[in-house]
Amino acid sequence: MATTNLPASQAENSSAAALHQLKELLERDSAFAQALGATASTEAAAKLASEHGIVVTPEALWRHRGTLVSGGLPTWRG
């Protein structure tokens, strides 16, 4: 099976767009915000985001932990 690697700048743009979508959803949907805050890992958070139509990698979530909502939440332990 062949894979296509995105150029680094394109992958960063995709992550930035997904994180922006995620922040918007967090602001307008308190139930989603609570569910995301209750996730135990970035993998679980990425799965929850994908269930809401947002494709974001666990790695992107980890890099932006503590910056998704005011107050520094959600944050996953390392």
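Refer to the structure presented above.
Conventions and cut-offs
- Residues numbered from 1 in each chain as written.
- Predicted model: local features only at pLDDT ≥ 70, side-chain atom pairs only at ≥ 80, totals over all residues.
- Heavy atoms only, no water.
- Helix = DSSP H or I, 4+ residues; strand = E, 2+ residues; numbered from the N terminus.
- Buried < 20%, exposed > 50% of the residue type's maximum accessible area, 1.4 Å probe, protein only.
- Areas by Shrake-Rupley, 256 points an atom, 1.4 Å probe, with all protein chains shown as cover.
- Salt bridge = Lys/Arg side-chain N within 4 Å of Asp/Glu carboxyl O.
- Polar contact = N/O pair within 3.5 Å; in protein donor to acceptor, adjacent residues only side chain to side chain.

**Student:** When you look at the overall build of the protein chain in this model, what are you seeing that I'm missing?
**Tutor:** The helix and strand tally for the protein chain stands at four helices and zero strands. Along the protein chain, helices (α) and strands (β) appear in the sequence α-α-α-α when read from the amino end. Relative to its full complement of 78 residues, the protein chain shows a buried share of 27%. Carbon and sulfur atoms make up 52% of the accessible area of the protein chain, which amounts to about 5,300 Å² in all.

**Student:** Teacher, can you tell me more about the pattern of salt bridges here?
**Tutor:** Where charged atoms from two side chains of opposite charge approach closely, those side chains can pair. Taken as a whole and assessed by the stated rule, the structure comprises one salt bridge. E51 is paired through a salt bridge with K47; the nearest N and O atoms lie 3.7 Å apart. You can see E51 and its partner K47 sitting in helix α3 (residues 42–51), four residues apart, about one turn around the helix. Taken as a pair, E51 and K47 share a single burial class, namely exposed.

**Student:** It is not clear to me how the side chain of T39 should be interpreted in this structure. Could you clarify?
**Tutor:** Positionally, T39 belongs in the loop between α2 (30–37) and α3. The exposure class of T39 is buried, given its relative accessible area of 15%. Of note is the side chain of T39, whose polar atom sits 2.7 Å from the backbone oxygen of L36.

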